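In case you want the letters, here they are:
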Amino acid sequence: MKLHRFIGAFDLSKKEIEVTDPEIIKQIKGVLRLKIGESVVLGDGRGKQVEASIDSIERSSITLSIIREIPNNDPEKKVTLYLAILKKENFELAVQKAVECGATNIVPIITLRTVKTGLNTTRLEKIILEASEQCERSTVPILQKIINFENALALGYASEEKVIFDPGASAYTPRADAKSASIFIGPEGGFTEDEITLARTAGYTVSALGPLILRGETAAIVATYRAVEGI
């Protein structure tokens, strides 16, 4: 039976956990209507997760006892998605699905063709948390601060695999031996020729996701999945 999962600031080193987060309490009591004796999964968002049994349900707290630790199930390959800021709904969709596909970090970037330059980070972090719970991740991906394209190239250089995606380039072949990857997805309209040249000069591979032109959010999802899975 699938157990409901909650990620929060839990101290999972203890045998007994007291949950005081009003949102989690509301989910357990009001939405899911879980009872004493039922089990849930609690995660700290940093890789540790446990199965715990509900001992008591009070108005402002829920107490649980840890039954067992659950192994970390996050992908071994650490993939950072550098994504040009898109329209609100498109960017949110891309972030949500990138989390489900296994991205470790998401870095919003501003490129020459970026139109929208602001983000609702609070909403995006909630989307990331809920997507992590939904797909049963042990670690919650980090939404980094917005940076410009050149700084993003410098930041991503430390990864073993470095790819910028551009239609018309050679087909993408993920590196099977790479333990980390930085992948760059452009805005509506794509990267400029100068940006592609700058990335190539900085040591990035220029690749395409296929013969068709994908929307930014679609490209982000496909690229993240392929980079994580190595296919």
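Structure's up top.
**Q** Looking at this model, I keep getting lost on the overall build of the chain. Mind explaining?
**A** Within the chain, the secondary structure is distributed over six helices and 12 strands. Along the first, second and third principal axes, the C-alpha atoms of the chain reach 60 × 35 × 30 Å. With 231 residues in all, the chain has 48% of them scored as buried. The long-range share in the chain, meaning contacts at least 24 apart out of those at least 6 apart in sequence, stands at 70%. Of the roughly 12,100 Å² that the chain leaves accessible, carbon and sulfur atoms contribute 51%. For the chain, the separation between the mean place of its 29 positive charges and that of its 31 negative charges on side chains is 2 Å.

**Q** Just checking my understanding: could you explain the environment of Ile146 for this structure?
**A** Here Ile146 lies in the loop between β8 (142-143) and β9 (147-148). Overall, the relative accessible area of 33% leaves Ile146 in the partly exposed class. Remark: the alpha-carbon pair of Ile146 and Leu119, spanning 27 residues in sequence, is separated by 8.7 Å. Apart from residues lying up to four places away in sequence, Ile146 is in contact with Ile85, Pro108, Ile110, Thr117 and Leu119.

**Q** In this structure, what is going on with the packing of helix α2 (residues 88-101) against helix α6 (residues 216-229)? I would like to understand it.
**A** In helix packing, the relevant descriptors are the interaxial angle and the interaxial distance, both defined with respect to the helix axes. As a packed pair, α2 and α6 sit with axes 8 Å apart at the nearest point and diverge in direction by 10°. Compared by their axis directions, α2 and α6 come out roughly parallel. Considering only the axes of α2 and α6, their crossing is right-handed. Here α2 contributes Asn90, Leu93, Ala94, Lys97, Ala98 and Cys101 to the contact with α6, which in turn contributes Glu217, Ala220, Ile221, Thr224, Tyr225 and Val228. Here the contact of α2 with α6 is built from residues that sort into eight nonpolar, two polar and two charged.

**Q** Any chance you could explain the nonpolar core here in plain terms?
**A** Soluble globular proteins tend to pack their nonpolar side chains together in the buried interior. Counting 28 residues, the largest nonpolar core has Leu81, Leu83, Ile106, Ile128, Phe165, Ile183 and Ile185 as the members making the most contacts within it. Listing elements by their share of this core, those giving two or more residues are β6 (78-84), α2, α3 (121-134), β10 (161-171), β11 (180-185) and α6. By size, the runner-up hydrophobic cluster in this structure holds 16 residues, among which are Leu12, Ile25, Val40 and Val50.

**Q** I'm lost on the environment of Lys88 in this one. Help?
**A** Residue placement: Lys88 occurs in helix α2. Exposure remark for Lys88: the relative accessible area of 40% places this residue in the partly exposed category. Placed 30 residues apart in sequence, Lys88 and Gly118 show a C-alpha to C-alpha distance of 9.2 Å. Leave out the neighbours within four places in its chain, and Lys88 touches Lys116 and Arg123.

**Q** Honestly, the pattern of salt bridges in this entry has me stumped. Any pointers?
**A** Side chains that differ in sign of charge can pair as their charged atoms come close. A full pass over the atoms with the stated rule returns 10 salt bridges. In this structure, the salt-bridge partner of Arg137 is Asp74, at a minimum N-O distance of 3.4 Å. You can see Arg137 sitting in the loop between α3 and β8 and its partner Asp74 sitting in the loop between β5 (62-70) and β6, a full 63 residues away along the chain. Judged by relative accessible area, Arg137 falls into the buried class, the value being 7%. Glu217 serves as the salt-bridge partner of Arg215, at 2.7 Å between the closest nitrogen and oxygen. Assessed through its relative accessible area of 53%, Arg215 is described here as exposed. Using a relative accessible area of 8% as the deciding quantity, one classes Glu217 as buried. Salt bridges sharing common partners tie together Lys88, Glu92 and Arg123.

Each value, and the rule that gives it
Residues numbered from 1 in each chain as written. Predicted model: local features only at pLDDT ≥ 70, side-chain atom pairs only at ≥ 80, totals over all residues. Heavy atoms only, no water. Helix = DSSP H or I, 4+ residues; strand = E, 2+ residues; numbered from the N terminus. Buried < 20%, exposed > 50% of the residue type's maximum accessible area, 1.4 Å probe, protein only. Contact = heavy atoms within 4.5 Å. Areas by Shrake-Rupley, 256 points an atom, 1.4 Å probe, with all protein chains shown as cover. Lys, Arg positive; Asp, Glu negative; His and termini not counted. Charge placed at Lys NZ, Arg CZ, Asp CG, Glu CD. Axes fitted to C-alpha atoms, helices over the stretch in contact; angles between N-to-C directions. Parallel < 35°, antiparallel > 145°, perpendicular 65-115°, else oblique. Left-handed = near helix turned anticlockwise from the far one by under 90°. Nonpolar A, V, L, I, M, F, W, Y, C, P; charged D, E, K, R; others polar. Core = buried A, V, L, I, M, F, W, Y, C linked by side-chain atoms within 4.5 Å. Salt bridge = Lys/Arg side-chain N within 4 Å of Asp/Glu carboxyl O.

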